[in-house]
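# Analysis of the macromolecular model
What follows is each chain in one-letter form.
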Protein chains: 2
Amino acid sequence: MKLYTYFRSSAAYRVRIALNLKGLEYDAIPVHLLRDGGEQRKQAYTDVNPSALIPALEDNGVVLTQSLAIIEYLDEEHPMVPLLPQDAVGRARVRALAQTIACDTHPLTNLRVLKHLKGPLGFTEEAKNEWWKHWNILGMRDLEAHLERDGDMGRFCYGDTPTMADCLLVPQVFNAQRFNIDMAQFPNIARINEHCVNLPAFVAAHPSNQPDTEA
Amino acid sequence: MKLYTYFRSSAAYRVRIALNLKGLEYDAIPVHLLRDGGEQRKQAYTDVNPSALIPALEDNGVVLTQSLAIIEYLDEEHPMVPLLPQDAVGRARVRALAQTIACDTHPLTNLRVLKHLKGPLGFTEEAKNEWWKHWNILGMRDLEAHLERDGDMGRFCYGDTPTMADCLLVPQVFNAQRFNIDMAQFPNIARINEHCVNLPAFVAAHPSNQPDTEA
């Protein structure tokens, strides 16, 4: 398998965690999102993924896109170390937690949105950071409220083994920490993150441990 | 089953289509997103869904949130009239198309984002509409490119029966048409939408045919 990845991409980080949790080997193909106007927009990559978004996974000559779709694919093709519960309600709960990040939080604060705010819309650096914090804190608050209310948590978001939800939570907390968001206001998220980040699969997926990592 | 819905909510519209395609009866519980500061933010609803987002589905006393997670749940619990293909690659493709809308497009242009732009950020009506068009056109372009490239299309996004991707495509086109986006630039999306909108399941789910529909 080949994973088109960028060390600091949240969406790629999610898939790296899933691959590692399942013990699957892959070749990392770095695509630099900032160099030279963005390598993701060059034809070499848009031939792979016309959306010019990272990640993409190539498996048996087939290219798959969208981090959640890729993780579900890995879970179906490699069911050992499952990343979704066995029952339909549990699966819906894990998917909903993942989508709270993937649909409600991250899309508002990813690189292309921040570039649009600073470029065409002329936001100051401070206004851009305020935007980032606003949507991140709102998303984290929703995630925290669901974790607290739904009653499915264990050491991980759902029970005592990692699921797709944890593959999303950890990269989002990594982003939040880069922007100095005080995680003490989200005690369940902070506790789950602390538990995850020391596990080998998560360590190996971390942005600081990639072949394309920069200082 | 109870569906917490709002006639014009894209995310609720998606789930209504899925319920109708499967021939499942449900009670619609309208939650008015604009009345009285937003009924979704009152405790009567945040007790149901702490994220204050529509839709939520209640089934056998369990509340599920996030439109894609709800549709997958319905597909697992009611596998007649499947909304995902049988094979893992096909499922990944349909999920990726759905996520191109649910993760890359709609979150940037939904009601709470538009209100944030016009309120705290002081965007003019024109600037807000420009924002809306920018992200919608980008999302539609990505969706069109994937439909064209992936080669899975039939009369629907994937083959000749409706899938979860069509449940997402039709509400997004409905939004685009409200903002007068010229759909001729997206011929595959336009053709699939035209085919879908005349089918009974899609007609019954349309914002103009809901118990809470307003002029």
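This structure is a prediction, so every number in the text was calculated from the model and none was measured. (Residues numbered from 1 in each chain as written. Chains lettered and ligands numbered in written order. Predicted model: local features only at pLDDT ≥ 70, side-chain atom pairs only at ≥ 80, totals over all residues.)

It is worth spelling out the overall build of chain A at this point. The helix and strand inventory of chain A stands at nine helices and four strands. Starting at the N terminus and ending at the C terminus, chain A contains elements arranged as β-α-β-α-β-β-α-α-α-α-α-α-α. Compactness check: chain A gives a C-alpha radius of gyration of 17 Å against a globular reference of 17 Å for 215 residues, within 12% of the reference. Relative to all contacts within chain A whose residues are 6 or more apart in sequence, the contacts with residues 24 or more apart total 68%. (Helix = DSSP H or I, 4+ residues; strand = E, 2+ residues; numbered from the N terminus. Rg over C-alpha atoms; globule rule 2.2 N^0.38 Å. Contact = placed C-beta atoms within 7 Å.)

In this section: the relation of the copies chain B and chain A. Put simply, the second copy of the chain is the first one after a rotation about an axis and a shift along it. Laying chain B over chain A is done by rotating through 180° and shifting 0.0 Å along the axis; what remains is an RMSD of 0.0 Å. The symmetry that links the two subunits is that of a two-fold axis. For chain B, the minimum C-alpha distance to the rotation axis belongs to Cys103 of chain B and amounts to 2.2 Å. Most of the interface of chain B is mirrored in chain A, where 100% of its interface residues again form contacts. (Least-squares fit on C-alpha atoms with pLDDT ≥ 70 in both.)

This paragraph deals with the packing of helix 1 (residues 10–21) of chain B against helix 7 (residues 164–178) of chain B. All names here are of chain B. Between helix 1 and helix 7, the shortest axis-to-axis distance is 8 Å and the interhelical angle comes to 140°. Considering their axes alone, helix 1 and helix 7 lie oblique with respect to each other. The crossing of helix 1 and helix 7 is right-handed. Where helix 1 approaches helix 7, its residues Ser10, Tyr13, Arg14, Ile17 and Ala18 are matched on the opposing element by Cys167, Leu168, Val170, Pro171, Gln172 and Asn175. (Axes fitted to C-alpha atoms, helices over the stretch in contact; angles between N-to-C directions. Parallel < 35°, antiparallel > 145°, perpendicular 65-115°, else oblique. Left-handed = near helix turned anticlockwise from the far one by under 90°.)

Facing 31 residues of chain B, the contacting portion of chain A comprises 31 residues. Contributing elements (two or more residues each) for the side of chain B that touches chain A: strand 4 (62–65), helix 3 (67–77), helix 4 (88–102) and helix 6 (125–150) of chain B. At nine residues, the largest contribution of residues to the side of chain B that touches chain A is made by helix 4 of chain B. By residue class, the composition of the side of chain B that touches chain A is 17 nonpolar, six polar and eight charged. (Nonpolar A, V, L, I, M, F, W, Y, C, P; charged D, E, K, R; others polar.)

Let us look at the sheet that holds strand 3 (residues 56–59) of chain B. All names here are of chain B. Judged by pairing direction, the sheet is mixed, and its four strands sit side by side in the order 2-1-3-4 without closing on themselves. Where the open sheet ends on each side, the last strands, each with one partner, are strand 2 (27–30) and strand 4. For this sheet, the mean angle separating the axes of adjacent strands, direction not counted, is 25°. (Pairing = 2+ DSSP bridges.)

So, about the environment of Arg41 of chain B. Residue and element names in this part refer to chain B. Within the secondary structure, Arg41 is located in the loop between strand 2 and helix 2 (43–46). Arg41 sits in the exposed class, given 12 other C-beta atoms within 10 Å. Sequence separation between Arg41 and Ala52 is 11 residues, and the spatial gap between their C-alpha atoms is 5.4 Å. When residues no more than four places from it in sequence are discounted, the contact partners of Arg41 are Thr46 and Ala52. (Buried ≥ 20, exposed ≤ 12 C-beta atoms within 10 Å, placed from the backbone.)

Before going further, it helps to spend a moment on helix 4 of chain B. When the terminal C-alpha atoms of helix 4 of chain B are compared, their 20 Å separation across 15 residues agrees well with the 21 Å that a helix rising 1.5 Å per residue should span. In terms of residue burial, helix 4 of chain B counts as a mostly covered element, since 12 of its 15 residues are buried. Buried within helix 4 of chain B are the following residues: Arg91, Ala92, Arg93, Val94, Arg95, Ala96, Leu97, Ala98, Gln99, Thr100, Ile101 and Ala102 of chain B. Where the residues of helix 4 of chain B are buried, they touch strand 4 (62–65) and helix 3 (67–77) of chain A together with helix 3, helix 6 and helix 7 of chain B. (Expected span 1.5 Å × (residues − 1).)

For the rest of this paragraph, the subject is the environment of Ala190 of chain A. Residues and elements named next belong to chain A. With respect to the helices, strands and loops of the structure, Ala190 is situated in helix 8 (residues 187–197). Separated by 60 residues in sequence, Ala190 and Glu130 place their C-alpha atoms 22 Å apart. Once you skip the residues sitting within four places of it in the chain, Ala190 turns out to touch Met183 and Ala184.

This brings us to the domain arrangement of chain A. Residue and element names in this part refer to chain A. One can read the domain layout of chain A as domain 1 (2–81) and domain 2 (88–202). For domain 1 versus domain 2, the separation of C-alpha centres amounts to 20 Å. With 11 residues of domain 1 at the contact, the number on the domain 2 side is 14 residues. Where the side of domain 1 that touches domain 2 is concerned, the elements lending two or more residues are helix 1 (10–21) and helix 3. Here the side of domain 1 that touches domain 2 gets seven residues from one element, more than from any other, and that element is helix 1. By residue class, the composition of the side of domain 1 that touches domain 2 is seven nonpolar, three polar and one charged. (Domains from an automatic or database assignment.)

A few words on helix 3 of chain B. The element helix 3 of chain B is extensively covered by neighbouring structure, given that nine of its 11 residues are classed as buried. If you check which residues of helix 3 of chain B are buried, you get Ser67, Leu68, Ala69, Ile70, Ile71, Glu72, Tyr73, Leu74 and Asp75 of chain B. Taken together, the buried residues of helix 3 of chain B touch helix 4 (88–102) of chain A together with helix 1, strand 3, strand 4, helix 4 and helix 7 of chain B.

It is worth spelling out the packing of helix 7 of chain B against helix 8 (residues 187–197) of chain B at this point. Residues and elements named next belong to chain B. Running from N to C, helix 7 and helix 8 cross one another at 100°; their axes reach a closest spacing of 10 Å. Judged by the inter-axis angle, helix 7 sits roughly perpendicular to helix 8. In this structure, helix 7 uses Asp166, Leu169, Val170 and Val173 to contact helix 8, whose residues at the interface are Ile189, Ile192, Asn193, Cys196 and Val197. Among the residues forming the contact of helix 7 with helix 8, the class breakdown is seven nonpolar, one polar and one charged.

Right, let's get into the sheet that holds strand 2 (residues 27–30) of chain A. Residues and elements named next belong to chain A. Ordered in space as 2-1-3-4, the four strands form an open sheet in which the pairing is mixed. At either margin of the open sheet sits one strand with a lone partner, and together these are strand 2 and strand 4. For this sheet, the mean angle separating the axes of adjacent strands, direction not counted, is 25°. For strand 1 (residues 2–5) and strand 3 (residues 56–59), the ladder comprises three bridges, and the chain directions are antiparallel.

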